[in-house]
Amino acid sequence: MRVIVVHEGVHSVDYHRLIVPFAHIGKSFDEIKIFSKNHLEDVTVDFLKQQQIDIVVYSRNISPTLNPRPIFAMLKAAGVKIVIDIDDYWQLPKHHPNYKLSIQSGLSRCIEDQIFAADAVITTHGSLRAEIGKIRPTKHVYIAPNGIDPQEPQFSLENLKYDYENVFWQGGSTHYHDLKLLEGSFKELIDYKFTLGGYYDSEIWNNYLKLFNKDNYEYEHITHVDRYAFNYHNKGICVTPLLNNKFNRMKSELKIIEAGWFQKPVISSMVHPYTRIIKEDVNGLYARNKDDWKIKIKGLLSNQQWQDDLRFKLHETVKNNYLINKVNEHRVQCLIDMYAKR
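Residues numbered from 1 in each chain as written. Predicted model: local features only at pLDDT ≥ 70, side-chain atom pairs only at ≥ 80, totals over all residues. Heavy atoms only, no water.

### Focus on the pairing of strand β9 (residues 217-221)
Part 1 of the reasoning: Across five bridges, strand β8 (residues 193-199) lies against β9 in parallel orientation. Considered in β9, the bridge of Gly-197 is made with Glu-220.
Part 2 of the reasoning: For the crossover that starts at β8, traverses helix α8 (residues 203-210) and ends in the parallel β9, the hand is right-handed. (Pairing = 2+ DSSP bridges. Helix = DSSP H or I, 4+ residues; strand = E, 2+ residues; numbered from the N terminus. Right-handed = clockwise from strand over helix to strand, strands pointing away.)

### Let's talk about helix α11 (residues 290-301)
Part 1 of the reasoning: Relative to the 16 Å expected for 12 residues at 1.5 Å per residue, α11 spans 17 Å between its end C-alpha atoms, a close match to the ideal helical length.
Part 2 of the reasoning: Every buried residue of α11 is listed here: Asp-292, Trp-293, Lys-296, Ile-297, Gly-299, Leu-300 and Leu-301.
Part 3 of the reasoning: Where α11 is buried, its residues contact β7 (166-170), β10 (237-240), β11 (266-269), β12 (285-287) and α12 (304-321).
Part 4 of the reasoning: Where α11 starts, the residue carrying a side-chain oxygen 3.2 Å from the main-chain nitrogen of Asp-291 turns out to be Asn-289. (Expected span 1.5 Å × (residues − 1). Buried < 20%, exposed > 50% of the residue type's maximum accessible area, 1.4 Å probe, protein only. Contact = heavy atoms within 4.5 Å. Polar contact = N/O pair within 3.5 Å; in protein donor to acceptor, adjacent residues only side chain to side chain.)

### Quick notes on the packing of α11 against α12
Part 1 of the reasoning: Contact geometry for α11 and α12: axes closest at 6 Å, N-to-C directions at 105 degrees. With respect to α12, the element α11 is oriented roughly perpendicular. Together, Gly-299, Leu-300 and Leu-301 of α11 and Gln-304, Trp-306, Gln-307 and Leu-310 of α12 make up the contact between the two elements.
Part 2 of the reasoning: Here the contact of α11 with α12 is built from residues that sort into four nonpolar, three polar and no charged. (Axes fitted to C-alpha atoms, helices over the stretch in contact; angles between N-to-C directions. Parallel < 35°, antiparallel > 145°, perpendicular 65-115°, else oblique. Nonpolar A, V, L, I, M, F, W, Y, C, P; charged D, E, K, R; others polar.)

In structure tokens:
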């Protein structure tokens, strides 16, 4: 079996949904050969046949020009099966920074068309699978959660440190309304440091920092996708605020998986998908409103044993359910099924 994985190699989505999992499949199965390409604009039917390509896998959108039909036609003419990975909801909420661009470009409709036309879909959980089922039959829709490959250097647990007086959040440029849930949570606290990871000089990040301008905060600059997880190594309590809307409920639980792998306790919004992994006061805590954030943060900062109880239990949850071997099982089954249908 010969598989082309299409990705640009610079985005978090590419890293977690394509690069790491399919590299692991290639190393684990001699009969599955994995190749990578940045795009398929220069690929021909003859090339695909000469290289004996069986399957193409990509994330969300296969066409930089939002014109996937010629590429789909070329792949189908070569007898190649098409697998699209969908890890996020394609209809953006109005407050999302990319909402207007998505509407103007027709990206959401373009993604829906590709979900319908692909031979198979890989997604993260049942709720997103149900949304995909509104577009196409779910027979060949496979669930593969995000996971951790311990062999990736940035996910090594060597030299791991823990800071009982640190609170940590890390994320991208689309989380202003999520972070706003934390506004005022550190009022009157003294012995702590709140670290925000992923900073770059922009209006968006300046607005992030304004939310906490009276707090004892610091920030760490954005880094490459294969190095960002090192930021967890010397941190403490992780916070994962998430506004409760349909778009967010379709997200994955990746932030909690990462925190748990690095043995950090988590305080989370009580919103799917985080409710898939956190059991209240067993392996994490929920904050149900702004006051609750303040209460839970203060409580954990003042109780090191509580931090330890939660963080080690969450680590066990991740080890048992979210390592690469386990989360790749349905990806491998997808490839086997598509190979049999070619």
